[in-house]
Structures are given as structure tokens and as C-alpha cells.
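# Coordinates in review
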There are 2 protein chains.
Amino acid sequence: MSDIKVLEFKVTMTCEGCSGAVNKVLGKMKDKGVEDIEISLKDQRVKVTTSLPPNEILEAIKKTGKEVEFISSN
Amino acid sequence: MSDIKVLEFKVTMTCEGCSGAVNKVLGKMKDKGVEDIEISLKDQRVKVTTSLPPNEILEAIKKTGKEVEFISSN
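Below is a summary of the structure that appears in this document. Everything numeric here is computed off the predicted structure, so don't read it as measured data.

The rules behind these values
Residues numbered from 1 in each chain as written. Chains lettered and ligands numbered in written order. Predicted model: local features only at pLDDT ≥ 70, side-chain atom pairs only at ≥ 80, totals over all residues. Heavy atoms only, no water. Salt bridge = Lys/Arg side-chain N within 4 Å of Asp/Glu carboxyl O. Helix = DSSP H or I, 4+ residues; strand = E, 2+ residues; numbered from the N terminus. Buried < 20%, exposed > 50% of the residue type's maximum accessible area, 1.4 Å probe, protein only. Pairing = 2+ DSSP bridges. Axes fitted to C-alpha atoms, helices over the stretch in contact; angles between N-to-C directions. Contact = heavy atoms within 4.5 Å. 1 Å grid on protein atoms, 1.4 Å probe; cavity = no way out; pocket = protein on both sides within 12 Å on 5 of 7 lines; lining within 4 Å. Points joined across faces, edges and corners; volume = space filled by probe spheres on them.

This part covers the pattern of salt bridges. With the rule as written, the count across this model stands at eight salt bridges over all chains. A salt bridge links B:Glu67 to A:Lys24; the nearest nitrogen and oxygen atoms lie 3.0 Å apart. Within this pair, whereas B:Glu67 is found in the loop between α2 (54–62) and β4 (68–73), its partner A:Lys24 is found in helix α1 (residues 16–27), the two belonging to separate chains. B:Lys62 is paired through a salt bridge with B:Glu59; the nearest N and O atoms lie 3.7 Å apart. Of this pair, B:Lys62 and B:Glu59 both sit in helix α2, three residues apart, which is roughly one turn of the helix. The class of B:Glu59 is partly exposed, set by a relative accessible area of 35%.

With that settled, the discussion passes to the sheet that holds β4(B). All names here are of chain B. Taken in spatial order, the four strands make up an open sheet running β2-β3-β1-β4, and their pairing is antiparallel. Each end of this open sheet is capped by a strand with a single partner; those strands are β2 (34–40) and β4. This sheet shows a mean twist of 20° between the axes of neighbouring strands, independent of strand direction. As defined by bridge partners, strand β1 (residues 5–11) adjoins strand β3 (residues 45–50) across six bridges and the pair is classed as antiparallel. Residue Leu7 lies in a different strand from β3, and its bridge partner there is Val48. Contacts from helix α1 (residues 16–27) reach β1, β2 and β3, with the element oriented near 175° to β2.

If a probe as big as a water molecule is rolled over the atoms, it shows which places are left empty. As a volume, the largest pocket reaches approximately 320 Å³. Lining the largest pocket, in full, are A:Glu59, A:Lys62, A:Lys63, B:Val25, B:Lys28, B:Met29, B:Lys32, B:Glu56, B:Glu59, B:Ala60 and B:Lys63. At the level of elements, α2 (54–62) of chain A together with α2 of chain B are the ones that each hand at least two residues to the lining of the largest pocket. The leading source of residues in the lining of the largest pocket is α2(B), at three residues. Reported here for the second largest pocket is a volume of approximately 240 Å³.

This brings us to the sheet that holds strand β3 (residues 45–50) of chain A. Residue and element names in this part refer to chain A. If you walk across this open sheet you meet the four strands as β2-β3-β1-β4, and the pairing is antiparallel. Each of the sheet's edge strands pairs with one partner strand only, and the pair in question is β2 (34–40) and β4 (68–73). On average, each strand axis in the sheet is inclined to that of its neighbour by 20°, with strand direction left out of account. Where strand β1 (residues 5–11) lies against β4, five bridges are found, and the strand directions are antiparallel. Within β4, the residue paired with Lys10 across the bridge is Glu69.

All names here are of chain A. Here β3 shows a buried face lined by Val46, Val48 and Thr50 and an unburied face lined by Arg45, Lys47 and Thr49. When β2 meets β3, the two strands line up antiparallel, connected through six bridges. By the bridge assignment, Ile39 is partnered in β3 with Val46. The turn linking β2 back onto β3 is made up of four residues, and Gln44 within it adopts a positive phi angle of 60°.

Take a look at the structure:
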């Protein structure tokens, strides 16, 4: 299996409803390889600790209808 | 094929970012049977003119991470 990494995404979120929606969608992936989620509304950043590839997380965030961009993997 | 109906959903949206996200996701379904979308942030309502069954629209809105409830079909 893949290593666990911290993936960072830039996500356009304008209120707590926006960040809550992203948190909810990623939270549903906790049984599929998402270990931890850290969301900063102020910084417009979402950090996901996961063994999943960046593209899979990116697609999940895209389905929320928010603008999203992959920034980095540690 | 099914008739075109106006389906009404109650969706928890707290800012224009929230309603914009719902609009974006449903807008992507315009080539799959969604004819028109009307969103009221004030009333927490989403009206979708479509030949698709309510459940299919409900699932798409759920993927945005928003709370959603099917209200009625005309």
C-alpha cells in the first residue's frame, strides 16, 4: 500500500457552511483511506492525511462544487 | 422518457459560496437531463426543472456536503 502523506489543497471557502461541507465530504472517506482532515477557512487551505493519491482527494473536493487546486504533498 | 417536472428541495446554504456550489454541481448536469435551476439562499430552497428522478438530484446535492431534503414534485 502507499505511504501516508499530508496533502495540501487550496479551496475557495467563503463561510463555515462551505468549510463544513468540505469537512463532511472528506469525513465520509475515513473508512477509505483518509486519516485526518485539517481545514482553515481563513487560509483557504485543506490538509488531508491519507494514503490515497492526490487526484482522488481532488475529485472528492471538486464534487462539493468548490474551486480546488492541489498545492503540495509532504 | 419521463416527463419534465419541477422538483423542490430544502438545502442548508449559509452564504453565496454555498448556493454557488450547489448551482455549479447541478449546472454540470445540464447535459444529463437538468433543464433549469432556481436557487433561493434566503428561502433555503433549490428548484430543479428536470426529467431525472428526485433521488438522482438528491444524491448530486448530497455530494456537495450540504444538508438536503426532497420537498415536492409538481
